[in-house]
Amino acid sequence: MDGFTLAFSEITLVLFTTLAPSGAVAYLIMGLPVLTGQAPGEAARRLNKWSCLPLVVAMVGLIASATHLGNPSNALYVFTGVGRSPLSTEVFSAVIFLALAGVFWLYSFAEHPRAGLQRGLLAAIDVAIVAFVLAVAFAYHVDTILTWSLLLVPVSLGLNALFGGPLLALVGFAVADFDAGRRGTRVLLALATAAWAANVVVYAVLGLQLQGIENELVSAADLVAGYPAYLAAFALLAVAALALAWRAEAQSARRGLMEGQNAEAQDAHRRLLARLATASILAFAALFLMRFTFYMSHLTLGLGV
């Protein structure tokens, strides 16, 4: 079996590990203004309402991964391995995060929601998000799979979330018509840029490590033939995403897009949203590509792949 066939057979897990961690981090970022009191009143209500955007992205990933179980009834057995099975812990942490986020989102529609209760729920959700991302990062660290037990594998997934999450959060802020401020926006873009740069290095090192891994049947380098091309495509897609997002930020700051309700301001805001959405889509495409190569590299000990 070749690497492409291996990865394509795990396409649902590729989608899950591409979408869910970034969606979770974006949800955390969108909740920070409410948690810290920087988004009072109507601004907080808009953020709470549109926090469903990153939540839906994470849920799409989780639903995609559920199809990997074959029979939906198998999901019941997943929870019996929590604590001893990394995959069970991953699914359990995802369910806790989504359940808490769903409760918070529904409560945000209450006529008179209590700010203290909302902040408490957000704090609990943030803890669940950190646990979830860590669980996903280490879920595939299996000693018998030579290429997945490398130390940099969980690092790469964490950096993926820190790259895609801030860009998706900026889309959420734009949809919610919330001004994160020039400094806040630049911090998020700088975080995404730093995560991308670090991940290029991490993926390059992983590519070099694959060259020396083999079993009795095949080498990891053969399974992921053309790895440098995949890495180059990842870098270019990510650069395009970041360039578009930075340009959108610069134009927003120059024109003051969040101010005013005239037709020109609304048109400028629509263009801002379109640029940020396109940047986020390009970022997810880049992440998907490298997650696909991860599953291509599946190589076990002994006589198997």
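In this text the structure is predicted, and so the values were computed from the model without any measurement.

Caption draft 1: Representation of the overall build of the chain within the structure. Each helix and strand counted, the chain has twelve helices and zero strands in total. Listing every helix and strand of the chain by position from the N terminus yields α-α-α-α-α-α-α-α-α-α-α-α. Taken over 305 residues, the chain has a buried fraction of 48%. Counted over contacts in the chain with a minimum sequence separation of 6, partners at least 24 positions apart contribute 82%. Entry remark: accessible area of the chain is about 14,200 Å², with carbon and sulfur atoms responsible for 68%.

Caption draft 2: Examining helix α7 (residues 115-138) more closely. Across its 24 residues, α7 extends 35 Å between first and last C-alpha, which sits within 8% of the 34 Å expected from 1.5 Å per residue. What α7 keeps buried is the set Gln 118, Leu 121, Leu 122, Ile 125, Asp 126, Ala 128, Ile 129, Phe 132, Val 133, Ala 135, Val 136 and Ala 137. On its buried face, α7 sits against α2 (11-35), α3 (41-50), α6 (86-107) and α8 (152-175).

Caption draft 3: Just the packing of α2 against α6, in detail. One way to put it is that α2 packs onto α6 with a least axis distance of 12 Å and a crossing angle of 40°. Taken together, the axis directions place α2 and α6 in an arrangement best described as oblique. Between α2 and α6 lies a crossing of left-handed hand. For the pair α2 and α6, contact is made by Phe 16, Ala 24 and Tyr 27 and by Glu 90, Phe 97, Ala 101 and Phe 104, respectively.

Caption draft 4: Seen up close, a nonpolar patch on the surface. A grouping of Val 82, Phe 92 and Ile 96 is seen on the molecular surface, where their side chains present a nonpolar patch of about 210 Å² in accessible area. Relative to the helices and strands, Phe 92 resides in helix α6.

Caption draft 5: Spotlight on the nonpolar core. Within the largest apolar cluster, 92 residues are counted, with the highest numbers of intra-cluster contacts made by Phe 97, Phe 132 and Phe 163. In contact with Phe 163, not counting residues within four places along its chain, are Ala 192, Ala 195, Trp 196, Ala 238, Leu 242, Ala 283 and Leu 287.

Caption draft 6: Quick peek at the pattern of salt bridges. Enumeration over the complete set of coordinates arrives at five salt bridges. The partner of Arg 270 in a salt bridge is Asp 267, with the nearest N and O atoms 3.7 Å apart. In this pair, Arg 270 and Asp 267 both sit in helix α12 (residues 263-296), three residues apart, roughly one turn of the helix. Asp 267 gets classed as partly exposed once you look at its relative accessible area, which sits at 32%.

Caption draft 7: Broad picture of the packing of aromatic side chains. Within this structure, the stated rule accounts for 15 aromatic pairs. Arranged with centres 4.6 Å apart and planes meeting at 15°, the rings of Trp 148 and Phe 294 form a pair that is stacked. Taken together, the residues Trp 148 in the loop between α7 and α8 and Phe 294 in helix α12 connect sequence positions 146 residues apart. No difference in accessibility class separates Trp 148 from Phe 294, as the two residues are buried. Measuring from centroid to centroid gives 5.4 Å for Trp 148 and Tyr 295, while their planes differ by 85°, and the two rings are edge-to-face. Of the two residues, Trp 148 sits in the loop between α7 and α8 while Tyr 295 sits in helix α12, which places them 147 residues apart along the sequence. Accessibility classification places Trp 148 together with Tyr 295 in one group, the buried group. Members of the aromatic cluster, joined through ring pairs, are Phe 4, Phe 8, Phe 288 and Phe 292. Above the plane of the ring of Phe 294 lies Arg 291, whose end atom (NZ or CZ) is 4.4 Å from the centre.

Caption draft 8: Highlighting α3. Ala 43, Ala 44, Leu 47 and Asn 48 are the residues of α3 that are buried. Looking down the long axis of α3, one finds its buried residues gathered within 135° of arc, a one-sided arrangement.

Reading guide: rules and limits
Residues numbered from 1 in each chain as written. Predicted model: local features only at pLDDT ≥ 70, side-chain atom pairs only at ≥ 80, totals over all residues. Heavy atoms only, no water. Helix = DSSP H or I, 4+ residues; strand = E, 2+ residues; numbered from the N terminus. Buried < 20%, exposed > 50% of the residue type's maximum accessible area, 1.4 Å probe, protein only. Contact = heavy atoms within 4.5 Å. Areas by Shrake-Rupley, 256 points an atom, 1.4 Å probe, with all protein chains shown as cover. Expected span 1.5 Å × (residues − 1). Axes fitted to C-alpha atoms, helices over the stretch in contact; angles between N-to-C directions. Parallel < 35°, antiparallel > 145°, perpendicular 65-115°, else oblique. Left-handed = near helix turned anticlockwise from the far one by under 90°. Patch = residues over 30% accessible without salt bridge, like charges linked within 9 Å, V, L, I, M, F, W, Y side chains within 5 Å. Salt bridge = Lys/Arg side-chain N within 4 Å of Asp/Glu carboxyl O. Core = buried A, V, L, I, M, F, W, Y, C linked by side-chain atoms within 4.5 Å. Phe/Tyr/Trp six-rings, centres within 6.5 Å; stacked < 30°, edge-to-face > 60°. Lys NZ or Arg CZ within 6 Å of the ring centre and 35° of its normal. Arc of directions from axis to C-beta.

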